[in-house]
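# Residue-level structure breakdown
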2 protein chains.
Amino acid sequence: MSHKILVAQGGGPTAVINQSLAGVALEARRYPGVSNVYGALHGVRGIVNDDLVDLGQETVGNLEAVAATPAAALGSTRDKPDVKYCQEIFKVLKAHAIDTFFYIGGNDSSDTVRIVADEARKGGHSLRAVHIPKTIDNDLVGFDHVPGYPSAARFVVQAFAGANLDNIALNGVYCAVVMGRHAGFLTAASALARKYPDDGPHLIYLPERIFVVDKFLTDVKETFERHGRCIIAASEGIHDEKGDAIITKLMGKTEKDAHGNVQLSGTGALADLLCEEVKSKLGIKRVRGDTFGYLQRSFVGCVSKVDQREAREVGEKAVQYAVRGHADGSVAIRRVADYAVDYPLIPLESVAGKTRVMEDHLINDAGNDVTPAFHDYLRPLLGADMPEVARLRSAKVEKANVLEGDVT
Amino acid sequence: MSHKILVAQGGGPTAVINQSLAGVALEARRYPGVSNVYGALHGVRGIVNDDLVDLGQETVGNLEAVAATPAAALGSTRDKPDVKYCQEIFKVLKAHAIDTFFYIGGNDSSDTVRIVADEARKGGHSLRAVHIPKTIDNDLVGFDHVPGYPSAARFVVQAFAGANLDNIALNGVYCAVVMGRHAGFLTAASALARKYPDDGPHLIYLPERIFVVDKFLTDVKETFERHGRCIIAASEGIHDEKGDAIITKLMGKTEKDAHGNVQLSGTGALADLLCEEVKSKLGIKRVRGDTFGYLQRSFVGCVSKVDQREAREVGEKAVQYAVRGHADGSVAIRRVADYAVDYPLIPLESVAGKTRVMEDHLINDAGNDVTPAFHDYLRPLLGADMPEVARLRSAKVEKANVLEGDVT
């Protein structure tokens, strides 16, 4: 029997989403029964617009070069299909006699795969539909971790390691805002930037805990008094006890995306607000804020080799499950040893539309740092080749007898 | 004759300033006549406070590890010494019988070296004083380029290469603000992120040209109509025809540093302002801004090997000029071939307190991009190992005959 495959990419790009794409395209070449591998441009929108490209005409060399390139080579979309939209998708799949559908994306994308699979079943059309995971947020239920997260985490670690050195050199308070609306995994990664006992970030604020401005100021004050400096990692999703985003306290108006979410990324407002609080309330003079923004998911040349390999493998496994196993589902990552993983196929219903947040044992009691368990969790994901930093050992020179008033 | 050396680091940290420090410390070990190599903590402030460490007690292994670490291992300072301050410096140097002084820094630091050398001469004290260059701004007069700039430029290139891919995937307008108050070299580096003809940044705004908001909006509109997207690189130092920073148009109050400069870094306000202009005036919906902030000078793991080598060499040359050559000055970098450099010692007066900006032939006539000459200038500085990106070749699949109204 001959198979026609369609693959698409949805949601925010990552450093390794193209590894999964290459994994699908290259693995499919091993099966004589696969007649075509198509890609849809800009996710589900490319399907309903019948805007497809033939991945069978790509060279291995170019597929490998694309695999090593961040972002989404097929283009992506923020469209979140409803049932009607999924019916349109199914119509195009049917017209092309496509019997295998892969969607690389987060929990919204897995929901799309679920609905499309349902529609096919209802219409009596034989369709294999497999969700291939990616998200820098690491928020898929049933996964140990999600491809894209380790590389973004690596960026955050390297950024905070550098910011810490910069802050040691010039002191003051430094606050950086990290992506992650509901899940704090990416912000938490900043903890692994620490090497020496007084290294920052000294304070880490996650969306899993309520953010109280006064507590924040007390934390900063204490840290500044102890170290003469303070580095803060804050999630863009930090919110008050009512669930209102801290950023909305600053901004008069807020922009919402197609999913009805407040725009948290693409603005430096939250970092500036937090810095202003520290300056005005604590009277500290040198206070600087950064917002890592899109760099953390797109920066060229910062990737975890573990993440690269796993993203490739979930793409390959998706083809194996669909073409050999004739099964639908989501290709999960499970940790089976320290460090080794398996890729079980899990039901779409267990992933679709659900959000994982950081488990309690990963966050400290004060709610302003992670636990050693989080270090153990993240460390193997970053890859063995993390750049190292070092300090001078600083053997003090005895002070000279400088005569006061020696110079007029 | 026995020599005592003191080295210090001033101004903003860079990715390779510690290479110069290691260059001084390791080169000095070759000379039996050098009895001590001291480092001052936090630049000139560490000297006046007599806060010195003994670099002779560092191992080669640790000096090499520190050399590969960004920021300033001795600590830095924003203090800009006046004549009185320099007299205090000289007093401490004299008390320790230090006869050789190296200051690693930008044009302010070279001015400090100049004044200290003058004071020594006036006081009849034999002192060799050599300025070792560093600045990500690349704004030292008499230099082909300055250590620190190539690595920061590399960060900007890798960041824009990724932002461009992200923008291809999700479209819209993206505006990133890059450091550089008076000199646009670092912002201009963004041009080298382009590979394919429609790659961004499509527009580059430098402090060497007057920024006119209406012209900016026209540029963005035209680009967006042509490509369906637009990427903008803007220097933090862009200003209007009166010389007022564009950022001050947004901010009610402004913070000034010890040098009387308006604070341009450590805030995301300028990017947010430019995005708001595009959204409100052009009606484009997806508009995102980033401010690269401190990452561009401190990010761990993004360094130009050419920059590393040259930063090491200017440190070594400083010792050779001072100890062997008994000369004062600034160790310059001159390009003598494509690509090869020499390190002449140039007079401190020719560097001190002066600012180089981008020469006219490096900027296009419209004032919104660089010229091919700038590409030729920067390319060899980035190193031969720049990460590459690739696109799918996208062979289109013929549209299927999708029956309208097929699904109810």
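Everything that follows concerns the structure shown earlier in this document.
Let us look at the structure shown here. (Residues numbered from 1 in each chain as written. Chains lettered and ligands numbered in written order. Predicted model: local features only at pLDDT ≥ 70, side-chain atom pairs only at ≥ 80, totals over all residues. Heavy atoms only, no water.)

## Considering the packing of aromatic side chains
In plain terms, the rule: Pairing of aromatic rings covers Phe, Tyr and the six-membered ring of Trp, with a centre-to-centre limit of 6.5 Å; geometry is then stacked below 30 degrees between planes, edge-to-face above 60, and tilted otherwise. By definition, any uninterrupted DSSP run of H or I lasting at least four residues is a helix, any uninterrupted run of E lasting at least two residues is a strand, and each is numbered from the N terminus. Burial classes: relative accessible area under 20% of the type maximum marks a residue as buried, over 50% as exposed, and values in between as partly exposed (1.4 Å probe, protein chains only). In this analysis the charged atom, NZ for Lys or CZ for Arg, is taken to sit over a ring once it is within 6 Å of the ring centre and within 35 degrees of the ring normal.
Using the criterion set out here, one finds 25 aromatic pairs over all chains in the structure. Here F160 of chain B and F292 of chain B contribute two aromatic rings whose centre-to-centre distance is 5.3 Å and whose plane-to-plane angle is 65°, an arrangement assigned as edge-to-face. Placement of F160 of chain B in helix 6 (residues 149–170) and of F292 of chain B in the loop between strand 9 (287–291) and helix 11 (295–298) is noted, with a sequence separation of 132 residues between them. Just as F160 of chain B is buried, F292 of chain B falls in that class too. Counting every residue linked through ring pairs, the aromatic cluster contains F155, F160, F292 and F299 of chain A together with F155, F160, F292 and F299 of chain B. In this structure, K317 of chain A packs its charged tip against the face of Y321 of chain A, placed 5.3 Å from the ring centre.

## Section: the sheet that holds strand 5 (residues 128–133) of chain B
Residues and elements named next belong to chain B. Stated precisely, the cut-off is as follows: Two strands pair under a simple rule: DSSP has to find at least two bridges between them.
Taken in spatial order, the seven strands of this open sheet run 3-2-1-4-5-10-13, and their pairing is mixed. Only two strands of the sheet have a single partner each, and these edge strands are strand 3 (52–54) and strand 13 (345–346). Strand direction decides the pairing type here: strand 5 and strand 10 (residues 329–331), joined by two bridges, are parallel. Its bridge partner lying in strand 10, V130 is registered against G329.

## Focus on the interface of chain B and chain A
The condition that has to hold: The contact criterion used is simple: two residues touch if any of their non-hydrogen atoms lie within 4.5 Å. The buried area of a pairing is the accessible area, by a 1.4 Å probe, that goes missing from both parts when the two are put together, added over both. Here the term charged refers only to Asp, Glu, Lys and Arg, the term nonpolar to Ala, Val, Leu, Ile, Met, Phe, Trp, Tyr, Cys and Pro, and the term polar to all other amino acids, Gly among them.
Each side of the interface is counted separately: chain B has 97 residues, and chain A has 97 residues. When the two sides are added together, the surface that chain B and chain A hide from each other amounts to roughly 7,500 Å², 57% of it contributed by carbon and sulfur. For the side of chain B that touches chain A, the secondary-structure elements that each account for two or more residues are strand 3, helix 3 (60–67), helix 4 (83–95), helix 6, helix 10 (269–282), strand 9 and helix 11 of chain B. It is helix 6 of chain B that contributes the most residues to the side of chain B that touches chain A, 11 residues altogether. The residue makeup of the side of chain B that touches chain A, split by class, is 43 nonpolar, 30 polar and 24 charged.

## Structural notes on the relation of the copies chain B and chain A
Which entries qualify depends on this criterion: All copies are superposed by least squares; the fitting set is the C-alpha atoms of residues with a pLDDT of at least 70 in both.
Once turned by 180° and shifted 0.0 Å along the axis, chain B lies on chain A with an RMSD of 0.0 Å. Such values leave the two copies arranged in the relation of a two-fold axis. Minimal C-alpha separation from the rotation axis in chain B is found for G268 of chain B, amounting to 2.2 Å. Comparing contact sets, 100% of the residues at the interface of chain B also lie at the interface in chain A, consistent with an isologous, same-surface contact.

## Structural notes on the sheet that holds strand 5 (residues 128–133) of chain A
Residue and element names in this part refer to chain A. Spatial strand order, 3-2-1-4-5-10-13: seven strands in an open sheet with mixed pairing. Bordering the open sheet on either side are strand 3 (52–54) and strand 13 (345–346), each of which pairs with just one other strand. In the sheet, strand 4 (residues 100–105) pairs with strand 5 via six bridges, with the strands oriented parallel. Bridging from a neighbouring strand, I104 pairs with I132 of strand 5.

## Comments concerning the pattern of salt bridges
Cut-off, in case you're wondering: For this document, the term salt bridge refers to a Lys or Arg side-chain nitrogen within 4 Å of an Asp or Glu carboxyl oxygen.
Per the stated rule, a full pass over the model turns up 54 salt bridges over all chains. Here R30 of chain B makes a salt bridge to E27 of chain B, at a shortest N to O gap of 2.6 Å. On the accessibility criterion, E27 of chain B (5% relative accessible area) is buried. With its nearest N and O atoms 3.2 Å apart, the salt bridge here joins E88 of chain B to K84 of chain B. Of this pair, E88 of chain B and K84 of chain B both sit in helix 4, separated by four residues, roughly a single helical turn. Assessed through its relative accessible area of 22%, E88 of chain B is described here as partly exposed. Taking the relative accessible area as the measure of exposure, K84 of chain B reaches 48% and is therefore partly exposed. Look at the salt bridges and you will find they share partners, linking D111, R114, D118, R121, R128 and D328 of chain A into a network.

## Let's talk about helix 12 (residues 305–324) of chain A
All names here are of chain A. Heads up, the rule is: A helix is expected to reach a length of 1.5 Å times the quantity of its residues less one. Residues adjacent in sequence count toward polar contacts only when both atoms are side-chain atoms; beyond that, a polar contact is any pair of N or O atoms within 3.5 Å, and within protein one must be able to donate a hydrogen and the other to accept it.
With 20 residues, helix 12 ought to run about 28 Å at 1.5 Å a step, and its terminal C-alpha atoms sit 28 Å apart, in line with that. Among the residues making up helix 12, those that are buried are V306, D307, E310, A311, R312, V314, G315, A318, V319, Q320, A322 and V323. Where helix 12 begins, one side-chain oxygen reaches toward the backbone nitrogen of V306, 3.2 Å away; that side chain belongs to S304. Positive phi shows up at H326, right after helix 12, with a value of about 50°.

## Regarding the nonpolar core
As a reminder, the rule being used: What is meant by a nonpolar core is a set of buried Ala, Val, Leu, Ile, Met, Phe, Trp, Tyr and Cys residues, joined one to another through side-chain atoms within 4.5 Å.
Among the nonpolar cores identified, the biggest contains 90 residues, and F374 of chain A together with F374 of chain B are the most heavily contacted of them. Apart from residues no more than four positions distant in its own chain, F374 of chain A is found in contact with Y149, F185, A188, A189, L192, M358 and L362 of chain A.

## Notes on unusual backbone geometry
Following G200 of chain A, the chain continues to P201 of chain A via a peptide bond in cis, the omega torsion being 5°. Relative to the helices and strands, P201 of chain A is located in the loop between helix 7 (185–188) and strand 7 (203–205). For A97 of chain A, which is not a glycine, the phi torsion comes out positive at approximately 55°. By the secondary structure assignment, A97 of chain A is in the loop between helix 4 (83–95) and strand 4. With phi around 60°, N138 of chain B is a residue other than glycine that occupies positive phi space. Looking at where N138 of chain B falls in the secondary structure, it is placed in the loop between strand 5 and helix 6.

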